[in-house]
There are 2 protein chains.
Amino acid sequence: MSTVEEVIGLKALDPGLKAYDPKTATLLDEHDPLKEFRKEFRLPTNKGIKATAVQENLQEEPCVYFVGNSLGPLAKRSQELLNEELDVWATVGVTGHFDHPLKRDWMTLASKATKLLAPIVGAREEEIAVMGTLTANLHLMMSSFYKPTKERFKILCEIKPFPSDEYAFASQAALNGLDPTTTVVHLKPRANEHTLRTSDILDAIKEHSSSLALVLLSGVQYYTGQYFAMPEITKAAHDAGAPCGWDLAHGVGNVPLSLHDWDVDFAVWCTYKYLNSGPGGIGGLFVHEKWHKEKGVQYAGWWGHDEATRFEMPSVFQPIPGAQGFQQSNPSILNIASLLGSLEVFSRVHPTDPMSVIRAKSIRATAYLETLLRSTRFFVGPHDGEKVLKGEILTGADKPMKGAFTIITPRAKAERGAQLSLLFSEEAMPTVFSEMVKRGVIGDERHPGIIRFAPAPLYCSFEDLNISDAFGINAAATASFML
Amino acid sequence: MSTVEEVIGLKALDPGLKAYDPKTATLLDEHDPLKEFRKEFRLPTNKGIKATAVQENLQEEPCVYFVGNSLGPLAKRSQELLNEELDVWATVGVTGHFDHPLKRDWMTLASKATKLLAPIVGAREEEIAVMGTLTANLHLMMSSFYKPTKERFKILCEIKPFPSDEYAFASQAALNGLDPTTTVVHLKPRANEHTLRTSDILDAIKEHSSSLALVLLSGVQYYTGQYFAMPEITKAAHDAGAPCGWDLAHGVGNVPLSLHDWDVDFAVWCTYKYLNSGPGGIGGLFVHEKWHKEKGVQYAGWWGHDEATRFEMPSVFQPIPGAQGFQQSNPSILNIASLLGSLEVFSRVHPTDPMSVIRAKSIRATAYLETLLRSTRFFVGPHDGEKVLKGEILTGADKPMKGAFTIITPRAKAERGAQLSLLFSEEAMPTVFSEMVKRGVIGDERHPGIIRFAPAPLYCSFEDLNISDAFGINAAATASFML
Ligand SMILES: Cc1ncc(COP(=O)(O)O)c(C=O)c1O
Ligand SMILES: Cc1ncc(COP(=O)(O)O)c(C=O)c1O
């Protein structure tokens, strides 16, 4: 077992220092290989999030932005590219498509994003397309990969997937004349547990193997922050004779992915979370090379047509081989430009493997944040989650401890990305949340009792993580955590 | 019969003046009720389009931008809104979704666009959604409205629809186990004619009535510029027992539409042409109120879920009644902001009926341009189209007249919008096109022989239209037209 000080890399820097020492954050920041990247972003300010309790002279300073898992911040390079594209549109008009003054022809702009995205998802360029939006792409992929028969018709997913996925599953079941309630199988955690055990997932796949038509989970679960054992699950699905797809909304740009090598059949994602492309930014999809010949495009559009003849407007569809054949419409240049700006930042982290560098900090940062949170007197173990939610945790004086919380995200680093999901009582959560915002820390609230913190490594500093200080209390937390 | 001078409104201004008098354009511009709107746009410049033959001191001036039917120019208001949204994203981050400092909550931003778009397409707000992209929306709509049976399975469309539509038709046929070649019926013009006669369209609908599953044409045909008789065709489809859908890529913002009153079943569009939303901007769709109960959403996503409970994340889909139930994903704020800027310009033209004002100028402008073009010595009648294309038009000296062209767009104002499609010989067209660009006039080339001119009324002036002057020749065209 490693100590926390080892995990967060503190031991190597100052063997005498403890994780919760006030000097720790500064020291970790000084030695953070990603520290230069924080200034690549315009981080939301205290004033912007209405952190009214933060002192006047810090109002224009960045807040503690722990909600990049919902909307990543604006990369300065994205703003630069957007302004350039607006000027190109304004001055050259339609010729920007094929004779762009900055050599970024709109006609092929998506391919620049594909190039930078490929190493982030671990795919060949032909296996991915920058296109559409997540839910729309999920439908496209399910239409090609979910082919239920009388024997094999079940869709296996985690309990409470993101509702859009749930709706998509139900739609696809109904489109095939099936009853969603018997078609969609939800994996449930064991009693008193918050997340799924990998062995239980693998067992469930085996159990349903004869009736399974598709396994589709999220790579990183939006609610619990659990990072599923993607290669093992994919393999188990294949062993059971079913294809395996992934919703990577919270996975892409967060955890290292090797979609090709893991033999994933297909995946879909959005780019407005850890890839910082802006609200409602363009989505993406992956189709494994092994399917390129077999899985035909079912909802064809001209943008998926062979680029060499696309503008000759032939009447018969000839798809681009691979994922890009699924493109239907010409894509939004504003959205691609915005995404490109952020992807360029990733590629400056490392041109061929940015996620390894990011992951290394992610593991340290998340462990550090977790340590500080667990060291407060309001923390209770996750087995008491039910009690926490109902407000049944008591203080030493036998009164309800209003700020009591636990963390439902798995402790093992292999089972989580840059997110911790804190569970409060249903009653206390909204107050805790707004008190935090007042003090300049913004996470994301999910009813009934969850506050999610996402310490995204590209722009969150260790000082940010030291939120016990942000609440004006010592990290050792003998004083009150909040409320 | 009205004279050209009457049609373009010249007679009322100066009864003695002829259309091709050099003073005409200036006079028409002076009295143009839309003249103030030109300055609402940043028009591409001579330099921007590489108009190398335009004199140095005019390089930064606007070119003659006749290609707003491909990509509309940037409205200054769009740029303003985009910059504001970037700053909001940068400073308030995720809270822009529900607590936007400029009262444009991203969560409901699309509804602001819907409001301004409704009068442009002649629909109730619940009948339209600002979402997705054209081809993707077409598939969504066809999946709901194209329900072939053994008897009724045909899709009736115009000859050479936009290829993306052709691919969509073929896809939808194949998805239903049908052979596209027998399923998709193309309406052809008569010999030596370039566009379809309304009576022929109506007859064809009758002819196929027992086997018709869907009539789907484009409102304004992208290639010929023909504006189809939408209400009559819709009615004929209904009489034949088939639903009628429309691809309004070239219709929206170009011609007045009354989708609700015309009883249109569904329609789809893009916004980057006459609505100036930028390359690859957000699309839209219309579903007639009468279908709102009957046509269920087949490819559900969380953004189509009832707004009141969307963020409670219920597991069962409860669609927003009407068109907006078809929304799948949270939409791009950059794209909506850009669209909104342009829609605000439309609403300043007239808050409840901008298209009538725009249409009035469109009719005058297109007639004026047509008159000037027809008065050049290179113009030949459309019945000689075949000869034109093959380069078989001869000069008085019996030599091939290289610049010979005709106009294939219908002459009747009711049958066209703001577009004229010029047909040249296959050989001459590219040269003519590049010579025009050199001289600061940009249209759109479509092989083999077409150059399309779209005098969009919001920003094209009558001076722009006087392109014979742009080519340094008198409008009466005794000198050469070009080449
Ligand atoms: C008539 C018509 N239909 C469909 C399309 C395809 O549009 P999109 O690429 O937005 O799907 C276009 C694009 O120009 C078009 O002109
Ligand atoms: C896990 C997950 N899946 C799907 C979606 C839906 O995304 P979109 O609205 O882009 O389709 C989200 C959005 O936050 C998500 O977090």
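Residues numbered from 1 in each chain as written. Chains lettered and ligands numbered in written order. Predicted model: local features only at pLDDT ≥ 70, side-chain atom pairs only at ≥ 80, totals over all residues. Heavy atoms only, no water.

Explain the relation of the copies chain A and chain B to me, using residue names and the numbers behind them.
Between chain A and chain B, the superposition needs a rotation of 180 degrees and an axial shift of 0.0 Å, giving an RMSD of 0.0 Å. Each copy turns onto its partner about a two-fold axis. An overlap of 100% is found between the interface residues of chain A and their copies at the interface of chain B, pointing to a shared contact surface. (Least-squares fit on C-alpha atoms with pLDDT ≥ 70 in both. Contact = heavy atoms within 4.5 Å.)

Now, about the site of ligand 1: what can you tell me, with residues and values included?
Every residue lining ligand 1 is accounted for by Trp302, Ser329 and Asn330 of chain A together with Leu134, Thr135, Phe162, Asp165, Asp247, Ala249, His250, Tyr272 and Lys273 of chain B. Residues near ligand 1 are shared among chains A and B, making this a multi-chain site. The separation between a nitrogen atom of ligand 1 and a polar side-chain atom of aspartate 247 of chain B is 2.6 Å. Tyrosine 272 of chain B places a side-chain nitrogen or oxygen 2.7 Å from an oxygen atom of ligand 1. Across the complex, the protein chains shield 97% of the 400 Å² of accessible surface that ligand 1 would expose by itself. (Near = heavy atom within 4 Å. Polar contact = N/O pair within 3.5 Å; in protein donor to acceptor, adjacent residues only side chain to side chain. Areas by Shrake-Rupley, 256 points an atom, 1.4 Å probe, with all protein chains shown as cover.)

Can you break down the packing of aromatic side chains residue by residue, with the values?
Tallying each qualifying case throughout the model produces 29 aromatic pairs over all chains. Between the aromatic rings of tryptophan 302 of chain A and tryptophan 303 of chain A, the centroid separation amounts to 5.0 Å while the plane-to-plane angle is 75 degrees, which identifies the pairing as edge-to-face. As far as the burial class goes, tryptophan 302 of chain A and tryptophan 303 of chain A line up, both buried. In this structure an aromatic cluster arises from ring pairing among Phe162, Tyr222 and Tyr223 of chain A together with Trp302, Trp303 and Phe311 of chain B. Seen from the ring of phenylalanine 145 of chain A, lysine 295 of chain A lies directly overhead, with NZ or CZ sitting 4.9 Å from the centre. Directly above the aromatic system of tryptophan 303 of chain B lies the positively charged group of arginine 310 of chain B, at a separation of 3.9 Å from the ring centroid. (Phe/Tyr/Trp six-rings, centres within 6.5 Å; stacked < 30°, edge-to-face > 60°. Buried < 20%, exposed > 50% of the residue type's maximum accessible area, 1.4 Å probe, protein only. Lys NZ or Arg CZ within 6 Å of the ring centre and 35° of its normal.)

Tell me about the environment of isoleucine 450 of chain A, residues and numbers included.
Residues and elements named next belong to chain A. For isoleucine 450, the location among the structural elements is in strand 15 (residues 450-453). Assessed through its relative accessible area of 0%, isoleucine 450 is described here as buried. Through-space distance from the C-alpha of isoleucine 450 to that of leucine 343 is 30 Å; in sequence the pair is 107 residues apart. Setting aside residues up to four positions removed in sequence, isoleucine 450 forms contacts with Tyr223, Ile408, Ser421, Leu422, Leu423, Met429, Asp444 and Glu445. (Helix = DSSP H or I, 4+ residues; strand = E, 2+ residues; numbered from the N terminus.)

Run through the side chain of asparagine 137 of chain A, naming residues and quoting values.
Position of asparagine 137 of chain A among the secondary structure elements: in helix 6 (residues 134-145). In this structure asparagine 137 of chain A touches Met131, Gly132, Val268, Gly283, Gly284 and Leu285 of chain A, once residues within four positions along its chain are discounted.

Lay out the site of ligand 2 with the relevant residues and their values.
Within the structure, ligand 2 sits among Leu134, Thr135, Phe162, Asp165, Asp247, Ala249, His250, Tyr272 and Lys273 of chain A together with Trp302, Ser329 and Asn330 of chain B. Neighbouring residues of ligand 2 are not confined to a single chain but are spread across chains A and B. Measuring from an oxygen atom of ligand 2, one finds a side-chain N or O atom of threonine 135 of chain A at 2.6 Å. Within the side chain of tryptophan 302 of chain B, a nitrogen or oxygen atom sits 2.6 Å from an oxygen atom of ligand 2. In isolation ligand 2 has 400 Å² of accessible area, and contact with the protein removes 97% of it. Taken together, the residues of the shell around ligand 2 break down into five nonpolar, four polar and three charged. (Nonpolar A, V, L, I, M, F, W, Y, C, P; charged D, E, K, R; others polar.)

Residues and numbers for the interface of chain A and chain B, please.
Note on interface size: it is often stated as the accessible area lost on association of the parts. Across the contact, 73 residues belong to chain A and 73 residues belong to chain B. A combined buried area of about 5700 Å² lies between chain A and chain B, and 61% of that area is made up of carbon and sulfur atoms. The largest contributions to the chain A side of the interface with chain B come from Trp89, Tyr167 and Pro279 of chain A, which together make up 14% of the buried area. At the junction of chain A with chain B, the criterion picks out four salt bridges. For the salt bridge of lysine 50 of chain B with aspartate 99 of chain A, the shortest nitrogen-to-oxygen distance reads 2.9 Å. For the pair chain A and chain B, the interface holds 37 residue pairs in polar contact (both at pLDDT 80 or more). With nine residues, helix 4 (residues 76-92) of chain A is the single largest residue contributor to the side of chain A that touches chain B. In terms of residue class, the side of chain A that touches chain B is made up of 36 nonpolar, 31 polar and six charged. (Buried area = accessible area lost by both parts, 1.4 Å probe. Salt bridge = Lys/Arg side-chain N within 4 Å of Asp/Glu carboxyl O.)

Report on the sheet that holds strand 15 of chain A, specifying residues and quantitative values.
The pairing of strands in a sheet comes from backbone hydrogen bonds and takes either a parallel or an antiparallel form. All names here are of chain A. As summarised here, the arrangement of the four strands in space is 11-12-15-14, forming an open sheet in which the pairing is antiparallel. The open sheet terminates on both sides in strands that have one partner only, identified here as strand 11 (405-407) and strand 14 (444-446). When the angles between neighbouring strand axes are averaged without regard to direction, this sheet yields 25 degrees. Strand direction decides the pairing type here: strand 11 and strand 12 (residues 420-424), joined by three bridges, are antiparallel. (Pairing = 2+ DSSP bridges. Axes fitted to C-alpha atoms, helices over the stretch in contact; angles between N-to-C directions.)

Describe in detail unusual backbone geometry, supporting the description with residues and values.
In terms of backbone geometry, most residues other than glycine have negative phi values and most peptide bonds are trans. Cis geometry marks the peptide bond from histidine 447 of chain A to proline 448 of chain A, where omega comes out at 5 degrees. Looking at where proline 448 of chain A falls in the secondary structure, it is placed in the loop between strand 14 and strand 15. Positive phi, close to 55 degrees, is recorded for asparagine 276 of chain A, a residue that is not glycine. Note on placement: asparagine 276 of chain A falls in the loop between strand 9 (266-269) and strand 10 (284-287). Judged by its relative accessible area of 0%, asparagine 276 of chain A is buried. Its identity as a non-glycine residue notwithstanding, lysine 160 of chain B has a phi of 45 degrees, on the positive side. Positionally, lysine 160 of chain B belongs in the loop between strand 5 (154-158) and helix 7 (163-175). Overall, the relative accessible area of 52% leaves lysine 160 of chain B in the exposed class.

Such coordinate-based values are descriptive only and should not be taken to indicate function.
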